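Residues per chain are reported as follows:
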Amino acid sequence: DEEVRKHELWIYNLSLERMIRIKGEKWHGQEYRSFSWSPSSTRFYVVRNCKDQLKGDLLAVDPATGDVKVLIEERDAGMILSQPVSELPDSKELVWYSRRDGYGHYYLFDLQGKLKQQITKGRFNVQKIIHLDEKNRVLYFLAYGDNNEGNPYYTHFYKVHLDGSGLKRLTPKDVHHDIEVSQDNTCF
């Protein structure tokens, strides 16, 4: 019998000089999270989660109208955790985080939300994208839990090709790592 909070999402459009309400309501008590913009600023991405966190959708929002398109539906993946989606404008692809195989991994989708392939695989959980090199099709990211004999909470730095090949841990010591990458992406 308790009242459930209602979340609304609005965009202020500078060129139109007005607030635009996002038309993304689906579930009672839903929340919005993991916000990101396309590099061209023509799309705004947001994850819509239901109250029990067992269903989530990646929405592509038109910032001029507030209209939404559901690109990816997450169901049956346990508790839906999310990260901001990363768009690759030249190849018209998205890098998306999901726990659909039981671990947190990155997946490659086209801009229409069609799954192309799983990028990372294994008994570990990805944590954060550090750099996405679209030209060379390499993803640099943080992950934890892959060292079976060590502390499963140690964070390590990795790279992998977007086709899922060439996974390599760049920080071999079994200790926790905080990573900061140089502006030109040549050092960390």
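The structure under discussion appears in the preceding block.
Parameters at a glance
- Residues numbered from 1 in each chain as written.
- Predicted model: local features only at pLDDT ≥ 70, side-chain atom pairs only at ≥ 80, totals over all residues.
- Heavy atoms only, no water.
- Phe/Tyr/Trp six-rings, centres within 6.5 Å; stacked < 30°, edge-to-face > 60°.
- Buried < 20%, exposed > 50% of the residue type's maximum accessible area, 1.4 Å probe, protein only.
- Lys NZ or Arg CZ within 6 Å of the ring centre and 35° of its normal.
- Helix = DSSP H or I, 4+ residues; strand = E, 2+ residues; numbered from the N terminus.
- Contact = heavy atoms within 4.5 Å.
- Core = buried A, V, L, I, M, F, W, Y, C linked by side-chain atoms within 4.5 Å.
- Pairing = 2+ DSSP bridges.

Chemist: So what about the packing of aromatic side chains? Which residues, and what values?
Modeler: All told, the structure shown has eight aromatic pairs when counted by the stated rule. Plain terms: the ring middles of Phe35 and Phe44 are 6.0 Å apart, the flat faces sit at 15° to each other, and that makes the pair stacked. Aromatic side chains Trp37 and Phe44 sit 4.8 Å apart centroid to centroid with 55° between the ring planes, which places their arrangement in the tilted category. Relative accessible area serves as the criterion here: at 8%, Phe44 is assigned to the buried category. What links up through ring pairs into an aromatic cluster is the set Tyr97, Tyr106, Phe124, Phe141 and Tyr158. Looking at Arg48, its charged tip hangs above the ring of Trp27, at a distance of 5.3 Å from the centre.

Chemist: Please provide a residue-by-residue account of the side chain of Ser38, values included.
Modeler: Positionally, Ser38 belongs in the loop between β3 (31-37) and β4 (44-49). Using a relative accessible area of 3% as the deciding quantity, one classes Ser38 as buried. Ser38 has contacts with Arg43, Tyr45 and Glu87, leaving out every residue within four places of it along the chain.

Chemist: For the nonpolar core, give the residues involved together with the corresponding values.
Modeler: By size, the foremost hydrophobic cluster in this structure holds 16 residues, and its most contacted members are Val95, Tyr106, Ile119, Leu139, Phe141 and Leu162. Mapped onto this core, the elements with two or more residues apiece are β8 (93-98), β9 (105-110), β11 (125-133), β12 (138-144) and β13 (155-161). Val47, Ile72, Leu94 and Phe109 belong to the second-largest nonpolar core, a separate cluster that totals 12 residues.

Chemist: Lay out the pairing of β12 with the relevant residues and their values.
Modeler: Counting buried positions along β12 gives five out of seven residues, so the element sits mostly inside the fold. Pairing geometry for β11 and β12, over seven bridges, is antiparallel. Paired with His131 across the strands is Tyr140, a residue of β12. In this antiparallel pair of consecutive strands, β11 and β12, the connection spans four residues, and Arg137 shows a positive phi of 55°. Relative to β13, β12 runs antiparallel, the two being bridged by seven bridges. Looking at the pairing, Tyr144 lines up with Thr155 of β13.

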